[in-house]
Every structure is written in structure tokens, then in C-alpha cells.
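Summary of structural features
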Amino acid sequence: MNQQSTQVRHTKQPCRLSLAIAMALFAAGQLHAQTAPTTTDQATQAAPATKKDSKADKAKAATAADEKAAKQLTGLTVNGYSSSLNRAQDIKRFSDTVVDAISAQDAGSLPDLSVTEALQRVPGVAVSAAGIPNDPDHFSIQGTDISLQGLPYTSTLFNGRQVFSAGGGQGLNFSTVSPELIGSVVVSKNQTADMLEGGIAGSIDLNTRKPFDSNKDTQASVTLGDYWGDLAKKGTPQIAGLVSHNWNTDIGRFGVLANVAYDRIKQTDNGISLVNFQRRCNGCIVPMPAWAPSADSYPGLAEGTDGPYAYVPVGGDLRSQDETSTRFGHVLAAQWESPDKTWQATLEWDRASDTETTYEHTLQASTDGCGWSLPATCGIPLAGTTPTYDANGVFQSGTITALPNPGYTYPGYGGFQTQLDNTAFKSRYVTNDYSFNLKWNVNDRLHLSLDAQDTHSDYDYAYYYIRELTNANWYMALHGNNVPTVAVLSPDPNETAAQYFANPANPYWASAQDSHRYSWGNQRAFRLDGDFDVDKGPLNDIQFGFRHTDQSETVQSSAFNYVPISTPSPGIDPITAADTPSYVSPY
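Examining the overall build of the chain
Broken down by element type, the chain carries seven helices and 27 strands. Buried positions account for 40% of the 587 residues belonging to the chain. Considering only contacts within the chain whose residues lie at least 6 apart along the sequence, 72% involve residues at least 24 apart.

This is the structure:
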């Protein structure tokens, strides 16, 4: 059996290899054949046939003539992804420090939604998937928070220049840039004297495409795609186009390029989690509330001041987020080069914008879930149920509840304080970068570069939520590393779960909060650099330069305006959804 299995593997291997070669040749594009100059022997015709020749001889003579008249191939060129890899390797090879690079075709061909996601394929670059730093409950459609070699202090450059995003950012928000707009991304992991300061961990330089980057006089491409969200059940468009044309005149070579990209992405995220595990006991002191610690009496545990202990969650967290990201960007560039290639000028306008909208619906045990109960009677098993624990006393499954506080008339029955939040926030980044660069090769050794830049950036952010509170019992079950099971149950013995949560008299309006931020800024930079080739002794070249930057930004930011609507108190009932029937339904 082993010998037969080995033979089968060896028999299939050439088939897979031939298929791989065929697919590579098919995906490589056009094959360009070159013809050799015709020689005297190739031009000589075959001698004419006599009447005595047979038909077979005539056929052989015709075949020989056709073979000699055929063109002889002397070379074969295959265009594929190797050119992109070679460009990236050349960037690394000729750099003065340790760098990694992504070429245009690499970023455009990888299944990444932004330059940020493409960068995570570079060794040493990490990208966070959280939409808010240190908040695993909120995901991001695109990667955020780039760190290089474990450090977040990274300098972001745009075509070798400093650029910023309004809203307190010190660099360009790469998640706003479409991969179709870039020519290359260079990640420098060490600093050299000619680099701009500010990147302790390193620098990331995004270079857009230029007209003279291509050897072709005219090129055009269009990309049409569709993003499909499995949970959102919606498709959204992706459109990108590039047109470039170069031509020669008596006063030099000219080139223009227009590169435009638009995409819209819809994403739905669902989250289930257990929150706030607490250590419980029967006879020890519970440090809650902080101002009045009390003795715990958790059911089912042996009495003792120092254990045994049980670790029990105070409810769960169910959330659903609907996110939409709309991104538009363009690169408009024009270049000129003198006939003797002494002068070269580049004029460019780059734009990157991204609008992200998120609607979130959350049903979770309140952070103050024991606010209506005494500490010892909160987070305990529902009467008549027996929870399960592992060998370490960690809760595994069961129904958790809280007994009512005797001093409160609302709601009159137990259950965890449970909040229902409806949240929406919207952010928009817009960055316009205008630049002009002039290069002058004074002679074979002295090279000068003049650079001017003007950047405008705007940032707008709006946020609000409204919160309802009610009571609920929570059934929870852990399944190892799999998703836990969570169910929200009615705390009222006279209503089922469906009846309880459909009754507008049960939830009440608790609070609302909003915030708004708007920032705009401008940056102007001027730079003059020189390079003198020495090539004598230990010196290779001498570099010198001058740079001036003026940056200003206006930030308008309101604090999170939290407003309580109603709160149950001894003898006072809150405002329920039934009290406002003309405004909103319960859920």
C-alpha cells in the first residue's frame, strides 16, 4: 500500500507542474516575439521542381520553402508580476538603510481594502483591527493604528514629504488612501541623516504614480469590482481608473497622469461576550461598594472567610454594528523634462477622503448592574437552577439574577440592570496635498532639488447615543474557545421573555449623550536639497539641504455631553417608553 501510494503521488506531480506552468503563462499577459534580421541563406528560395517529381516531392519542397520563409525567434519576453517584485527589490538594494517596499502592482493586486492593510504584509509592521484603540468590542472595516517594530511612533510621509491629517493627527491617515493610487510604499526601519525627523520606530513613505514612471507613451486601465459582506448581505462598488500620456516636443518631454479611485464598503459585526467576572464566596468580605464593604453569602459555597471561591460573570453583552465606509481619492500629475535631461519638473495634486458611518445596537448588562440590589444578593443563581463550574471554580453555565432592593419600588422584581443602547457616529477625513518639485542636474556631480508643498486637511466627527434601562435575567454558557451562548430572560414571573421585552412599560429612558468635533488645518513646506558626488577616498557624496515648515490647525471639540433623563429612586418611578408612545417604540 505504501509503494502504491508513493507511485500515485509521483504520477500526479507532473500534471500539477504542467498546470502551474500553463496558468503562469496565461496570467502573464502578452508574449512579445522578436524577429532576427533576414540572412542571405534565409532569403534563398528552393529550386523549382521538374515535371518528373512526384506529388510527394512537391509537397516536401513546399514544406521546406515554408520553413525557410518562417521567422526565426531569438527572444521571448513574459510580462507578469516579476517586474513589480524587481522594483521592490531595487528599492531595498539601493537604499542607505534597512527598508521594505511594496510596489504598485503588489498593493493593487493584494486583497486589501487600504494601504494600511497592505502594509501589514511587510515584516515588522503590525496593524490593529480595532476601530477604537484598546477597545476590542469595536472593529474597523480597515486596519488602524500602524506600529513598526512594536513601536507606535512612526513618521508618515507622502511622496517623501511630511503630511498631516486634521483632528490631532501628526501624519496621513493611510486608511483613507486606496491601494490603486500608490506607486510604491517604502518602510524604513532605521533613520539616516537626510530623513525627516519624528519617526522613532521608523518612517513609512507613500509614493503616488507619476507620468514618467512608465516606459509607454500612453497607458490606460480601468478596474471594476464589488465588495460583498456576508453578514450585511449587500454588495458595494469599487471603481478605479488611470490614464497617462507622454509626448516629446522641441522643448522637452511632457507627461500627464490622472488616477482616480472610488469605493464603498458595508460591513456588519456581531459580538457576544460575558462581562465583569467577579470573585464570590460565602463568608468573606466583598469589596463592593467601595464605601461600604459587606460580607458575601454566595449560594452553593461552603462557608469560610478565605474561600472556597467562585468566579461568576455579571451578565453578558450582545451587540451589532452596521458600518459603511465611502472613500474617494485621486492623483493628478504633470511632468516636464528638458531635452538634455538637465531639468525635470513635477506638479501634483493628491486628494484622499474617507467617510465612515457606524450604527450600533447594544444589549448588555449594565456596568452598574447591581445598582438596584444589595451586593450579596446580586449576581447569584436564579432560584431553582444550579449553575456549573470548572475545577477552578470558574462559571461554566447557568442563569444569573439579582434580588430586588427593598428600598426601591421600581421595578418590584429582581433581575440585572440591563441597558439597551442605540449609538451612531460619523467621521470624515479630507486631505488635499498640492506640490511642486524641480530637479536640476548642474553637472555630472552636482544635483539640486527644489520642493514646495501646500496641504489642507479637514476632520469632522459626530456622535450620539440614547440609552434605555430595564431588568433581565441572563442565561450564559461557556464552550471553551467557541462562541458562548447568551440568552436574555424575563425577570417577571408573570411574563415570558417575548411579552416582557414587547411591553413598553418595562424599559425606561435613562440617559443620552452627544459629542461633535471639527478641525481644519494647513501646512506649507519649502525644501532645497543638494547632492555632490565626491567618489574620492572614503567619501561617496556630500548631501546638504534646507527645510522650512509652517503648520497651523484649529480644533473645535465638545466634551461628551452626558444628560440623565430619568432614574428610579425610593418612591419615584422613572419615565418608561409607555409614557412616550408618540416618540419611539420600545426596541
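Having seen the model, we can carry on.
Concerning the pattern of salt bridges
Close approach of charged atoms allows side chains of opposite charge to pair. All chains considered together, the criterion is met by eight salt bridges. A salt bridge links R161 to D451, with the nearest nitrogen and oxygen atoms 2.6 Å apart. A residue pair is termed long-range when its members are at least 10 positions apart, and R161 in strand β7 (residues 161–162) and D451 in strand β23 (residues 446–477) qualify at 290 residues. Assessed through its relative accessible area of 11%, D451 is described here as buried. One salt bridge connects R319 with D317, and the closest N-O pair in it is separated by 3.0 Å. Take R319 and D317: they sit in the same class, and that class is buried. Sharing partners across several salt bridges, the network here consists of D317, R319 and E360.

Considerations on the nonpolar core
Formed by 21 residues in total, the largest nonpolar core has its most connected members in Y298, V312, I400, F416, W474 and M476. Within the residue set of this core, elements represented by two or more residues are β16 (310–313), β19 (378–381), β21 (395–402), β23, β24 (485–489) and α7 (497–502). In contact with M476, other than residues within four places in its own chain, are L274, P313, G315, G316, F395, Q396, S397, G398, I400, T485 and V486. Of all hydrophobic cores here, the second largest spans 20 residues; its members include I102, F174, V177 and V187.

Describing the environment of W336
Among the structural elements, W336 can be located in strand β17 (residues 316–337). Excluding its chain neighbours within four sequence positions, the residues that come into contact with W336 are F212, I251, G252, R253, F254, W343, Q344 and A345. Within the local environment of W336, its side chain forms a polar contact with the backbone oxygen of I251, the two atoms lying 3.1 Å apart.

Some words on the state of the cysteines
Counted according to the given criterion, the structure contains one disulfide. Residue pairing for C281: its cysteine sulfur links by disulfide to C284, the two sulfurs lying 1.3 Å apart. Residues C281 and C284 are joined by a disulfide whose S-S torsion is about -80 degrees; by sign, that bridge is left-handed. Of the residues examined, C284 reaches a relative accessible area of 9% and is grouped as buried.

A few points about the packing of aromatic side chains
What the rule picks out here adds up to eleven aromatic pairs. Centre to centre, the rings of W343 and W440 are 4.8 Å apart; their planes meet at 5 degrees, and the pair counts as stacked. Taken as a pair, W343 in strand β18 (residues 343–365) and W440 in strand β22 (residues 416–441) lie far apart in primary sequence, 97 residues in all. On the basis of relative accessibility, which here comes to 31%, the residue W440 falls in the partly exposed class. With centroids separated by 5.4 Å and ring planes inclined at 85 degrees, the aromatic side chains of Y463 and F560 adopt a geometry described as edge-to-face. Of this pair, Y463 sits in strand β23 while F560 sits in the loop between β26 (539–557) and β27 (561–564), placing them 97 residues apart in sequence. By relative accessible area, Y463 is classed as buried at 15%. For F560, a relative accessible area of 43% puts it in the partly exposed group. A network of ring pairs unites the aromatic residues F425, Y463, Y465 and F560 as a single cluster. Its guanidinium or amino end placed over the ring of F212, R253 lies 4.5 Å from that ring's centre, counting from NZ or CZ.

Section: the pairing of strand β10 (residues 218–229)
Sheet analysis places β10 next to strand β11 (residues 234–249), joined by twelve bridges and oriented antiparallel. Across the sheet, the residue bridging to G225 is Q238, located in β11. Connecting the antiparallel pair β10 and β11 is a turn made up of four residues, with K233 showing a positive phi of about 60 degrees.

Here we look at unusual backbone geometry
Non-glycine residue N159 carries a positive phi angle of around 55 degrees. Judged by relative accessible area, N159 falls into the buried class, the value being 13%.

As for the pairing of β11
Each regular strand displays side chains that alternate between the two surfaces of the sheet. Bridging between β11 and strand β12 (residues 252–274) involves twelve bridges; their strand directions are antiparallel. Counterpart to L242 in the pairing with β12 is N259. Remark: two residues form the turn of the hairpin made by β11 and β12, two consecutive strands paired antiparallel.

Concerning the environment of A487
Structurally, A487 can be placed in strand β24. Sequence-distant contacts of A487, that is, excluding residues within four places in its chain, are made with N473, W474 and Y475.

Looking at the side chain of R327
The topology assignment puts R327 in strand β17. A polar atom in the side chain of R327 sits 3.3 Å from the side chain of S178.

Topic: a nonpolar patch on the surface
A grouping of F532, L539, I542 and F544 is seen on the molecular surface, where their side chains present a nonpolar patch of about 360 Å² in accessible area. Here the nonpolar patch gets three residues from one element, more than from any other, and that element is β26. With respect to the element layout, I542 can be found in strand β26. Residue classification places I542 among the partly exposed residues on the basis of a relative accessible area of 41%.

What about the environment of D531?
Structurally, D531 is set in strand β25 (residues 508–536). Between the alpha carbons of D531 and I542 there is a distance of 5.8 Å; along the sequence they are eleven residues apart. Apart from the residues lying within four places of it in its own chain, the contact partners of D531 are R445, L446, H447, D541, I542, Q543 and F544.

The rules behind the values
Residues numbered from 1 in each chain as written. Predicted model: local features only at pLDDT ≥ 70, side-chain atom pairs only at ≥ 80, totals over all residues. Heavy atoms only, no water. Helix = DSSP H or I, 4+ residues; strand = E, 2+ residues; numbered from the N terminus. Buried < 20%, exposed > 50% of the residue type's maximum accessible area, 1.4 Å probe, protein only. Contact = heavy atoms within 4.5 Å. Salt bridge = Lys/Arg side-chain N within 4 Å of Asp/Glu carboxyl O. Core = buried A, V, L, I, M, F, W, Y, C linked by side-chain atoms within 4.5 Å. Polar contact = N/O pair within 3.5 Å; in protein donor to acceptor, adjacent residues only side chain to side chain. Disulfide = S-S within 2.5 Å. Phe/Tyr/Trp six-rings, centres within 6.5 Å; stacked < 30°, edge-to-face > 60°. Lys NZ or Arg CZ within 6 Å of the ring centre and 35° of its normal. Pairing = 2+ DSSP bridges. Patch = residues over 30% accessible without salt bridge, like charges linked within 9 Å, V, L, I, M, F, W, Y side chains within 5 Å. Areas by Shrake-Rupley, 256 points an atom, 1.4 Å probe, with all protein chains shown as cover.

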